[in-house]
Amino acid sequence: KNQVEQSPQSLIILEGKNCTLQCNYTVSPFSNLRWYKQDTGRGPVSLTIMTFSENTKSNGRYTATLDADTKQSSLHITASQLSDSASYICVVSPSYGGATNKLIFGTGTLLAVQP
Amino acid sequence: NAGVTQTPKFRILKIGQSMTLQCTQDMNHNYMYWYRQDPGMGLKLIYYSVGAGITDKGEVPNGYNVSRSTTEDFPLRLELAAPSQTSVYFCASSYRDRGTDTQYFGPGTRLTVL
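All values derive from a computational prediction rather than experimental measurement.

Draft legend 1. Looking closely at the state of the cysteines. Following the criterion strictly, the structure yields two disulfides over all chains and no others. Covalently, C23(A) is tied to C90(A) through a disulfide, its sulfur atoms 2.1 Å apart. Judged by the sign of its S-S torsion, about -70°, the cystine formed by C23(A) and C90(A) is left-handed. Linking C23(A) in strand β3 (residues 19-25) with C90(A) in strand β9 (residues 86-94), this pair joins segments that are 67 residues apart in sequence. In terms of burial, C23(A) and C90(A) fall into one category: buried. Covalent S-S linkage joins C23(B) and C91(B), the inter-sulfur distance amounting to 1.8 Å. Given an S-S torsion of about -70°, the disulfide between C23(B) and C91(B) has left-handed geometry. Of the two residues, C23(B) is situated in strand β3 (residues 19-25) and C91(B) in strand β9 (residues 87-94); the sequence distance between them amounts to 68 residues. C91(B) matches C23(B) in its accessibility class, with the two residues each being buried. Cysteine C19(A) remains unbridged, with the sulfur of C90(A) as its closest cysteine sulfur at 15 Å. Its relative accessible area of 5% is what places C19(A) among the buried residues.

Written as structure tokens, this is what we have:
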């Protein structure tokens, strides 16, 4: 069964510190892997999209890495800010699915950045 | 651009009532989607549309209906509300471009069925 699992479930860090969130997936074959940020009470917002052939993708202080061999991805946040407090969702797009975009969503890591 | 807008933001329904969740996008996107997000679960696809007049079922379509008469609008209809439909509903849209299309999400509708 295609699954996307994230760890940790929740994380508390101090402002200015770095952190790394993990994503393991069993989706195969897959087209691309995405990381979304979801603020409380808001819809998810795309941070990065990586195809199966890419190893890393950055968006400001966010850097995503992908190891297609081990089926693992990580999201590294540098110099965290209070505004980084949110849920971070790993999403995998299977390479099958025809003309649709049937994404498989992880349950997210809830990050709290404290002053 | 306003992006993807959804109304209402919140709604409480009684069992058996019906309602329509509205979704509009102004980005001229071909693809539109409806998801539900339950606590502690990943988003699940309810219905999607690849263009005006074309809709198809997602992973959890039971109890819902959709229509797509225009490019901009993609309403979701609940005919006989049940407590199992208590959830947060997100509408999203994308312009398919070589398979790595970004999905843009609306702010969500929080629905409670009592």
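Draft legend 2. Structural view of the sheet that holds strand β1 (residues 4-7) of chain A. All names here are of chain A. In space, the five strands of this open sheet follow the order β1-β3-β8-β7-β6, with antiparallel pairing throughout. Strands at the two margins of the open sheet, each flanked by one partner only, are β1 and β6 (56-59). Between one strand axis and the next, the sheet turns by 15° as a mean value, whatever way the strands run. Pairing of β6 with strand β7 (residues 62-67), which is carried by four bridges, proceeds in the antiparallel orientation. Within β7, the position partnered with K57 by the bridge is A64.

Draft legend 3. Up close: unusual backbone geometry. Residue and element names in this part refer to chain A. Omega for the peptide link from S7 to P8 comes to -10°, which places this bond in the cis form. Tracing the backbone through its elements, the reader meets P8 in the loop between β1 and β2 (10-14). Cis rather than trans, the peptide bond between S28 and P29 has omega equal to -5°. Residue position: P29 is located in the loop between β3 and β4 (30-38).

Rules used in this analysis
- Residues numbered from 1 in each chain as written.
- Chains lettered and ligands numbered in written order.
- Predicted model: local features only at pLDDT ≥ 70, side-chain atom pairs only at ≥ 80, totals over all residues.
- Heavy atoms only, no water.
- Disulfide = S-S within 2.5 Å.
- Helix = DSSP H or I, 4+ residues; strand = E, 2+ residues; numbered from the N terminus.
- Buried < 20%, exposed > 50% of the residue type's maximum accessible area, 1.4 Å probe, protein only.
- Pairing = 2+ DSSP bridges.
- Axes fitted to C-alpha atoms, helices over the stretch in contact; angles between N-to-C directions.

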